[in-house]
Every structure is written in structure tokens, then in C-alpha cells.
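# Observations on chain architecture
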Amino acid sequence: MIQTKRIAGTVMLLAFVMYSRSSIAQDNLPQLGKSSVSDVVKAMTLEEKLSFVVGEGLNIPGMALPGMPAPTGPKRVPGASGTIKGITRLGIPSVVVTDGPTGVHMLTGNIGRIYYATAWPTGTLLSCSFDTALAETVGKAFGAEAKEYGVDVLLGPGMNIHRNPLGARNFEYYSEDPVVTGNMAAGMVRGIQSSGVGTSVKHFAANNQETNRNTVNTIMSERALREIYLRGWQIVVKKAEPWTVMSSYNKINGVHTSQSGDLLNNILRNEWGYKGFVMTDWFGGNDAVEQMKAGNNLLMPGKPDQNKMILDAVTSGKLDVKIIDKNVEDILNIILKTPVFNGYKYSDQPDLKKNARLSRMAAAESMVLLKNEGRTLPISADKRRVAVLGNNSFDLVAGGTGSGAVNTIYVVPLAEGIFKAGYIVDPTVYSAYSTYLEKEKASRPPKNMFEEFMSPSKPVPEMELDKTVLDNAAESDDIAVVSIGRNAGEGTDRKLTDDYYFSEKEKQFLRLVSDAFHAKGKKVVVVLNVGGVVDVTQWRDLADAILLAWQPGLEGGNAIADILTGKVNPSGKLATSFPASYNDVPSSKNFPGREFKDKPVPGMMGMPAFEAEVVYEEGIYVGYRYYNTFNVKPAYEFGYGLSYTTFGYTDLKLSSKEFAGSVTASVTVTNTGNVAGKEAVQLYISAPAKKMDKPAAELKLFGKTKLLQPGQSETLTFLITPAELASFDVKSSAWIAEAGDYTVKIGASSADIRRSADFKLPKELVVEKTTKSLVPQVPINELKPVVKK
């Protein structure tokens, strides 16, 4: 017995010693935040490093995907888009990332709960405010909401250029112009990150179509790439320092962006000084080893075969482990900033009511009044009965589909917004639409995001309103408000027929409404609740007023009503041109490019795919740069937007007539009307074009006045630096400002220039030297105007 006790005691002592040594060893391990990042990386095993640069998978219960392990669900935030694996022994937490650009997006499935979030005004709408401070205010609330749900990094904002109206994800993006895109995105990023949540600006770069998005080779000149498709990214990196950048699916000049060292190292890091990390778009690229080499730090959402591919390359000597170490270091440096690392105790209860109020305000501040004949709007106080017409008036499109969709607890339709504003909504019309839409929706089973991606739902056909009901409405109601809706999103680009162009049924419906109400001497208002540009020329003469609401978020109906009733004076300006015809769009001849059916490749989630290419033959002449330079009149030009008041522009002054480092321009804006309002002021520059062809004028700076009372003035000041003068010279791989005369043009739109003044640059200025990168491998027949001599 005594011997047995001695043995047991010895075993316990040995166990204690071993535990103590293990504990001491654990205590001696480097810990993130207490040790240097490099020491933490050195302490990681190769397997840990690989698990860190490859995400944990699309881990949503009930949503198994081909080639993916059986999902078990993320431990911390069910429904999140992805996670970075934590390493507890080194003090590294698991990091949660989730979409999206227009609100906190959680994937649905058997996750045991429902997340409701704020649907903010889409990027396309918010950009029309021309108000970076507003974008920052929205971003701050957006980030705080994400933080309360346990999110560390938001996958957004979206920053691709509106190259073509049929781009399905244009609703996520800001503008056809890189200066608007970069500055509005910078405001949003600053706001989100001020709340302690990171951003992943996306999709870097030239991801301007959904058709063949994973395989398309985007062929463009170095100049077009630099001036149009990368300029906005350069602005956001310099002005806002986003924590992460998301590479895109497409290739640029033959190389997948996530596998391009030219793009991710030469340009992003070396030229622009970017210090964050890069993640792929979900399942983006086709070679994990090349992605590691290119500086694409994190592969998302992560697949087991990617770990194996990288491991095999390291063990065989084809991939230097130092590259992995650098990629890990970049990620760790950002994790140090995250809420989870800093011990934030999220509540799961963000202030959704407060955010809804902000969403409503931001939407109304951004909407664009396109037409207002005879002061149709605002609806006068004595016109209390409103015929609210069109399916969309009762079923608002708050935002687009796919990863940009948001699960909201409610959406305010237009009819409800008008009713809440104190107007009488025609009850017979209301009942007819409500019954019709309820029946139609009941016949359509709900789809999750992936089902919608694979097979997009067709919109509910416009209801054929009984002629007697319409005639009675024209007789008894004071005004007609017709809302037309469009939706699109991830996976499938838009079509010309019955989408960009109104369907014959929609046009006939508008004719009937117009005829009925005009016959009684009453006005017709059309509201456009759309995600992208639509044709207006075929039907706009039928309307007395047109309000472009874009996709205004969950409070959309209230925000639209705020404009229609005059509670808010519209101050939005178009950040994207509305062409007179789709054929006038400079990219119409080559969008979305060619698909090679004889070159099949593995597709995303088992879908068939083929090699494809698109050539950007329009070069730098995108949007207003084309219309103004080639004298093609659009239906509504870039920068255009009406107000319920008028503004005068006076006293344009330049600090010098000769450029020496910088020039300051100032202009006074006065409210010359009878209603308080705001004005978005745009500064364009026309540059000499002896060495290179140039657009007629380019937006360089913009600003917005405060709310000006009738008769009140404000002076806006703009600093013009060498960057505002320079164009990209391919031969010297440099941004160059040509010597000669420059004209500053201050306008209410790109076509409505109110004041101008000249200054001279006495000698050519090399503003920035760059590395030769992403050179096209084939000749491009690029659009050029006649060069001025």
C-alpha cells in the first residue's frame, strides 16, 4: 500500500512538473500585441501560417457548396461571409468579415437566428449628393452597426467605374468618374473605420461587368487603366487608408488581378504606399501559389485544396516561405486594430431606429430631380389626393441583389411614405395593387442568395390597371405619382429589352396615365427607383416631373415623399450620365465582350464557364469625357440636377495667373430663389493637348454649400495641385502636366459652366514617375479625338 502511494505521488509530481514546464513554455510564447509581429510569425508553424492565409471556408450551415467541406458554422457570428482562423496559443483571435457595400449583409441558412440591418442608400445614390461629409457620416453609423454585430471588417465600399449602364452591380458603385468615386469612397472608409471596424474596398480593379466575371480578360491601355480605372483607388488609399483591399475576379491584360504583382505590389504598395492587406474576392483567381507571390495576402473564403497547393510549393522550393511570412505579417498588423483583438464586447443590438433616420436623410439629400415642368413639384398643400400608381409604388426596391443585399426588418414603400406625409392615397387604386402583388408574390417561393445567383427571379409584371379605375382616379385625385422599379445584382448583367429600355407594357401604362390626368388638367410625376441608368427619351415627354430616387434604402418611401412634398429641397446631381440612346454609350460596341465557347474552364460553384475577353476601345473617353469631347448630347448630363430654388455663381478668383506649385480657386454661390437649398459645385479643368489627346474638360474637384437661405451666399475654395493638371504619358510611364494654358471651369453640371478663368503652366511638369506595369499584350484600336495643334 505504501509503495503504491509513493508511485502515485511520483506520477503526480511528474505531471505537475510537466504541466508547469508546459505552462512556462506557453507563457514564453510570443503573443500578438505584446511581442513584435515578426516574433509572432516566427513562432507559427508552417501549417498555422497556411491556415492563416487561407480563410476558414464559407461556413454556413444548410449551404454546402461543391468542393467545400461540410459547413459547421462560424463560432462567433453566424451568417458572416467569412473568417480568418485564430491561433489561440499566440494570442491571435479569429477575425470576422462580412458584406457589404450597402449594409451589413449576413448569409441566410440554418444559422439559428435572423439578423436585421439598415439598408443604406446605395453607392450610386449617395454619390449624387457630391457630399463627402455625408458619406463619412453614413460610414460612421454603418461601421458602428457592424461593430455591434461582432463584425471586424466590412467588405465594401464598392469602387468600380460605371463603364456601361448594363453593369449589374453599378448600384454598389459610385460613378462614371474616378474623382467622385475616390473621394466619396474615402469619406465612407474614413467614417466606417472611425468606428473601429475595417473596410475592404472592392473590387480591385476594372471589375465592370458580371458577364464572365471570373474568366474575362479585360484589355485596356495603360493610360485608360491609370486615369479612369485606378485613379479612384489611388485617391482612397491616399486619403483614407483602408485596412484591406479586395482583388477582383477578372484579368487585366492577361493576368488575374489577384495574381498580378504589377497591380498588387508595384502599383498598390510601392507606388501608392499601401500598408494594409489584400484579400481575394470569394473563390477568385485560379492559382493559390501565384496569388501568394503577387502579394494577395488572404484567399477567401478558403478551400482545402489551396492549403495543399501552397504547402506543396513551399516544401518543393517553388515558393519561398518568406513570401508567406510577409503575407501573414500584413494581416497581423491589421488584426491589431480589430474590435475582437481589442476586446470589444458587442451587444448584438445596434441602434437600428437611429440609423433608419440617418438613412432617410442621406437618401433625400442625394436624390436627383431630372424634370420639373410648371413647378409640378413640390406637391402643393392644396393637392391632398394622390393617385399612387405602378407596382413599384407598393414594393420599393431598397437595394440590389447578391452580396449587396441587406436583410431589413421593414422597407417603406412609396405609397406608405406619401400617406405618412399627410396625403390621401387613392384607396381604390391602393386596394387593386395590394391584392395583385400579394397574389403574385404568393406564387413565387422565396430563394436564398445562391439560388437567386443561379436563377435570377423575373420582376412581377406591371399590373394592368382597369380603365374605369384609372379614369375615376383622374377625376377625383389631384395628381398622379407613378413609380417604375428596376433591380439587378451579382451574377447577371442587365439587358436592353424590358430593362434598360422600358417595356412596351410600361410605356403604354405611362401613356394611359398621362392621357387620363392631362385630359383633366392634372400633373403626372414619375419616380425612378432603379439601380442603374435607364432610357428616358422614349417616355419623358409623358411626365411633368421626374425624380431619380435610385435605390434609397429601407426608408426609401419616406425619403421620396420628403422630396415630393417639399420637406427636403432636392440637391443631388448626376454622378453618371444618362445617354440619349444606348448606342451613344462609348462602350456599347464592345460590352460585355466575346466569349470563347471552344475554351471551357472550371466555373464557380460548378457553373459552366468559358474564356472571354473585352477590349476597352473607348480608352479614357468614358461617360461625360466622351459626350463632351465628341459633341454627343446626352439626355441628362453628368453633374445635372434641378432644385426648387436657383443659384447664382459670381466672383471666380484665381490666386495666380501662373501655376507655381498650386493655384487656389474661389467662387461665391448665392441662393437667388425663394426656397432654402444646397448646391453641389463642380470644378472642371480644360488642359492643353499638344503632347497627348485630352477630354474637353475633366472634373477635378467638387464641393457642396451649406443650406443657404434665400439671398444667402457662401464662398467655396478649391486647391488645385499638380495632380489635378496631370495626364498619364505611356511613353515615359509618368504623370505629366503639359506646358500651356489651363482653363478652370466652375459649373452646375458638366454642360452648365457658370464661370471660367485661365492660368498658365510655363513649363512641362513631371508630377509622378511610375513603373511600367500591366502592359497590354495586343494592339488596341483606341478611340481618339482630333488632337489640337
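Residues numbered from 1 in each chain as written. Predicted model: local features only at pLDDT ≥ 70, side-chain atom pairs only at ≥ 80, totals over all residues. Heavy atoms only, no water.

## Concerning the side chain of Arg269
Mapped onto the elements of the fold, Arg269 is located in helix α9 (residues 261-271). Separated by 3.1 Å, the side chain of Arg269 and the backbone oxygen of Leu264 make a polar contact. (Helix = DSSP H or I, 4+ residues; strand = E, 2+ residues; numbered from the N terminus. Polar contact = N/O pair within 3.5 Å; in protein donor to acceptor, adjacent residues only side chain to side chain.)

## Topic: the sheet that holds strand β4 (residues 198-204)
Strands sit in the order β1-β2-β3-β4-β6-β9 across an open sheet of six strands; the sheet is mixed. The open sheet has two edge strands with one neighbour each: β1 (82-84) and β9 (277-279). With strand direction ignored, the average angle separating the axes of adjacent strands in the sheet is 30°. Bridge count between β4 and strand β6 (residues 244-247): three bridges; the pairing is parallel. Paired with Phe204 across the bridge in β6 is Ser247. Seen against the sheet, α9 touches β4, β6 and β9 and runs at an angle of roughly 150° to β9. (Pairing = 2+ DSSP bridges. Axes fitted to C-alpha atoms, helices over the stretch in contact; angles between N-to-C directions. Contact = heavy atoms within 4.5 Å.)

## Quick notes on the packing of helix α6 (residues 178-194) against helix α8 (residues 231-240)
Where α6 meets α8, the closest approach of the two axes is 8 Å, and the angle between their N-to-C directions is 35°. As for how α6 packs across α8, the hand of that crossing is right-handed. Between α6 and α8, the residues in contact are Pro178, Val179, Gly182, Asn183, Ala185, Ala186, Val189, Arg190 and Gln193 and Arg231, Gly232, Ile235, Val236, Lys239 and Ala240, respectively. Here the residues of the contact of α6 with α8 are counted per class, giving eight nonpolar, four polar and three charged. (Left-handed = near helix turned anticlockwise from the far one by under 90°. Nonpolar A, V, L, I, M, F, W, Y, C, P; charged D, E, K, R; others polar.)

## Comments concerning the pattern of salt bridges
Opposite charge on two side chains permits them to pair, given that their charged atoms come into close proximity. In this structure the tally under the stated criterion is 44 salt bridges. A salt bridge links Glu227 to Arg223, with the shortest nitrogen-to-oxygen separation between them at 2.7 Å. Here the residue Glu227 and the residue Arg223 both occupy positions in helix α7 (residues 222-229), the gap between them amounting to four residues, near one helical turn. Residue Glu227 is classed as buried on the basis of its relative accessible area of 6%. Residue Arg223 is classed as buried on the basis of its relative accessible area of 7%. If you follow the salt bridges from partner to partner, you end up with Arg169, Glu172, Glu210, Arg213 and Glu490 in one network. (Salt bridge = Lys/Arg side-chain N within 4 Å of Asp/Glu carboxyl O. Buried < 20%, exposed > 50% of the residue type's maximum accessible area, 1.4 Å probe, protein only.)

## Some points on helix α5 (residues 132-148)
Compared with the 24 Å implied by 1.5 Å per residue over 17 residues, the 24 Å span of α5 between its first and last C-alpha is a close match. Taken together, the buried positions of α5 are occupied by Leu134, Ala135, Val138, Gly139, Ala141, Phe142, Gly143, Glu145, Ala146, Lys147 and Glu148. Those residues of α5 hidden inside the fold are in contact with α4 (123-126), β3 (153-155), α6 and α13 (352-366). Regarding α5, its N-cap is Asp131, as a side-chain oxygen of that residue lies 3.1 Å from the backbone nitrogen of Ala133 further along. In the stretch just after α5, Gly150 is the one whose phi turns positive, near 85°. (Expected span 1.5 Å × (residues − 1).)

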